[in-house]
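Examination of the molecular architecture
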Amino acid sequence: MYNAFWDHLKEQLLSTPPDFTCALELLREVKENRLKSEIEEALDMDLLKQEAEHGALDVPHLSNYILSLMTLLCAPVRDEAVKKLESITDPVQLLRGIFHVLGLMKMDMVNYTIQSLRPYLQEHSTQYERAKFQELLDKQPNLLDYTTKWLTKAAEDLTTPYLSSPDLPSSSSIMACSFPNGEDSDSDLPRPTMVLYQGYLNLLHWDSGNEEFPETLLMDRLRLQEMGSHLHQLTILASVLLVARSFSGKVLFNSPEFVDKLKCITKALTEEFNSRPEDAMLSVSEQVSQEIHHGLKDMGLTALSSENTASLMGQLQNIAKKDNCVRSIVDQRIRLFLKCCLVRGMHDSLLHFPGGLMLIEGELADLGWKFVNLMRHNQQVFSPYYAEILKNIVPPAQAQETEVEPSW
């Protein structure tokens, strides 16, 4: 094996064009071994102890050596932090700064290691979870009953109206994930996959009192409930911002500071929205109208008339109603965005961010990442079970394929 390695290296270097893969790996090992020897020689603790006892310890020289070593080893993002340490003359502050940056470098290495191992860890996790679930399924043949009901309901939702109001689009139009260029993202996806994605979206609006939660998602139930709660909060927040902007104009809302202030106020006042929606929105309407009044005044703009102020407060208070038009449309657009995240991935979805939601882009993108990552893992683990169930739900003529594979 020893000779075979060097023969392989020779073949690589003699190939056309030359392959330097093994050669670079050898150079890396040489560098690491040499660097280790240099560090042990420069920081010989016995020698440093003797120098200290005789008052001959050169602290500035050691500090400079450590800083140059940190510059060599740290990630590029830490270069500026190390450079700032070079200007510190107080030895206590310098040592404190060195250990702080060393801590950051250690975390950089940990994160890099985790990132490198993540594909292998995910693959092992997928296989492990699927094997454990299969063991339970062998003992309880009816373990997938709730999962079957969940997917059956998702298939029905794709073909039946989502809301009874004639002014609102049907479920099929809500779930159609199209982009400005007219391209339909559903056109190249198998019907079973779209049913599964509809099922995932339904989980964000799951009745907390409904015990028939899909067996394949029981481990994720709490996280999905948290995401559903967050989605509801974003719906209320975006609705408030849209109504407020329609009265105050674009000039005021072009100020990030003003928008952030309204966000903080709305989030704080709507913490008890679920238990007291009318009271919460009454407080929001009063505070937001005052902030708009002061904001317009500070910018030298015309203040809202008493009639417009009353209308603004009335529309904000109406957001407490579940059938509020603004709230319903915002909810649909948020779910459309999350559905596009499942279908097209986060990158394309962020490039085609839905209109009217730009004011909560950061918050919604964060929710999208969490939701997609969680559902991606679930789909990878349980795709064989979903495919088997969906064979009996989706007519063969509508199913372009039987496997439910991740599309990311």
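Residues numbered from 1 in each chain as written. Predicted model: local features only at pLDDT ≥ 70, side-chain atom pairs only at ≥ 80, totals over all residues. Heavy atoms only, no water.

Let's shift gears to the overall build of the protein chain. Assigned secondary structure in the protein chain consists of 17 helices and 0 strands. For the protein chain, the proportion of its 408 residues judged to be buried stands at 37%. When the accessible area of the protein chain is evaluated, it comes to approximately 24,700 Å², of which 56% is carbon and sulfur surface. (Helix = DSSP H or I, 4+ residues; strand = E, 2+ residues; numbered from the N terminus. Buried < 20%, exposed > 50% of the residue type's maximum accessible area, 1.4 Å probe, protein only. Areas by Shrake-Rupley, 256 points an atom, 1.4 Å probe, with all protein chains shown as cover.)

What follows deals with the packing of helix H9 (residues 191-203) against helix H15 (residues 325-344). Running from N to C, H9 and H15 cross one another at 135 degrees; their axes reach a closest spacing of 10 Å. Considering their axes alone, H9 and H15 lie oblique with respect to each other. As for how H9 packs across H15, the hand of that crossing is right-handed. Packed against H9, whose contacting residues are Met194, Tyr197, Tyr200 and Leu201, the element H15 presents Arg335, Leu338, Lys339, Leu342 and Val343 at the interface. A breakdown of the residues in the contact of H9 with H15 according to their chemical character gives 7 nonpolar, no polar and 2 charged. (Axes fitted to C-alpha atoms, helices over the stretch in contact; angles between N-to-C directions. Parallel < 35°, antiparallel > 145°, perpendicular 65-115°, else oblique. Left-handed = near helix turned anticlockwise from the far one by under 90°. Contact = heavy atoms within 4.5 Å. Nonpolar A, V, L, I, M, F, W, Y, C, P; charged D, E, K, R; others polar.)

Another point: the packing of helix H13 (residues 277-298) against helix H14 (residues 306-318). Between two packed helices, the angle of one axis relative to the other and the distance separating the axes together describe the packing. Contact geometry of H13 with H14 gives a least axis separation of 8 Å together with a crossing angle of 145 degrees. You can see that H13 and H14 cross each other, and the crossing is right-handed. Residues Met281, Leu282, Val284, Ser285, Glu286, Val288, Ser289 and Ile292 of H13 pack against Thr309, Leu312, Met313, Leu316 and Gln317 of H14. Classifying every residue of the contact of H13 with H14 by side-chain character gives 8 nonpolar, 4 polar and 1 charged.

To continue, consider the environment of Asn318. Checked against the element boundaries, Asn318 lands in helix H14. Separated by 40 residues in the primary sequence, Asn318 and Glu278 place their C-alpha atoms 8.3 Å from one another.

On to a nonpolar patch on the surface, then. Taken together, the side chains of Leu95, Phe99 and Leu102 define a hydrophobic patch exposed on the protein surface, amounting to about 310 Å² of accessible area. Relative to the elements of secondary structure, Leu95 occurs in helix H6 (residues 91-139). Among the residues examined, Leu95 registers a relative accessible area of 48% and is labelled partly exposed. (Patch = residues over 30% accessible without salt bridge, like charges linked within 9 Å, V, L, I, M, F, W, Y side chains within 5 Å. Salt bridge = Lys/Arg side-chain N within 4 Å of Asp/Glu carboxyl O.)

Under the criterion given, the structure shown has 13 salt bridges. Ionic pairing is found between Lys153 and Asp157, a salt bridge with its closest N-O pair at 2.8 Å. Residue Lys153 and its partner Asp157 are located together in helix H7 (residues 145-157), separated by 4 residues, close to a single helical turn. With a relative accessible area of 44%, Lys153 lands in the partly exposed category. In this structure Asp157 comes out as buried when scored by relative accessible area, which is 11%. The partner of Glu363 in a salt bridge is Lys263, with the nearest N and O atoms 3.1 Å apart. Remark: Lys263 occurs in helix H12 (residues 256-269) and Glu363 occurs in helix H17 (residues 361-391); sequence separation between them is 100 residues. What makes Lys263 buried here is its relative accessible area of 10%. A single network of salt bridges, built from pairs that share partners, joins Lys263, Lys267 and Glu363.

What follows deals with the nonpolar core. Nonpolar side chains tend to gather and get buried jointly when the protein is soluble and globular. The biggest cluster of nonpolar side chains holds 73 residues, and the ones touching the most others in it are Tyr200 and Phe371. Non-local contacts of Tyr200, meaning those with residues more than four positions away in its chain, are made with Trp150, Leu217, Leu342, Phe371, Met375, Asn378, Gln379 and Tyr386. One finds Met70, Leu85, Leu94 and Val101 within the second-largest nonpolar core, a separate group that totals 9 residues. (Core = buried A, V, L, I, M, F, W, Y, C linked by side-chain atoms within 4.5 Å.)

Helix length check: H17, at 31 residues, gives a terminal C-alpha distance of 37 Å against a target of 45 Å (1.5 Å per residue), a shortfall beyond 12%. At Phe382, H17 shows its maximal bend, which comes to roughly 70 degrees, and the proline Pro384 appears one to four places after that position. (Expected span 1.5 Å × (residues − 1). Bend = angle between axes of the 7 residues up to and from the residue.)

Here the focus is the packing of aromatic side chains. Per the counting criterion, the structure on display carries 9 aromatic pairs. Judged by centre distance (5.2 Å) and plane angle (70 degrees), the rings of Phe133 and Tyr385 are edge-to-face. Taken together, the residues span a long stretch of sequence, with Phe133 in helix H6 and Tyr385 in helix H17 at a distance of 252 residues. What makes Phe133 buried here is its relative accessible area of 7%. (Phe/Tyr/Trp six-rings, centres within 6.5 Å; stacked < 30°, edge-to-face > 60°.)

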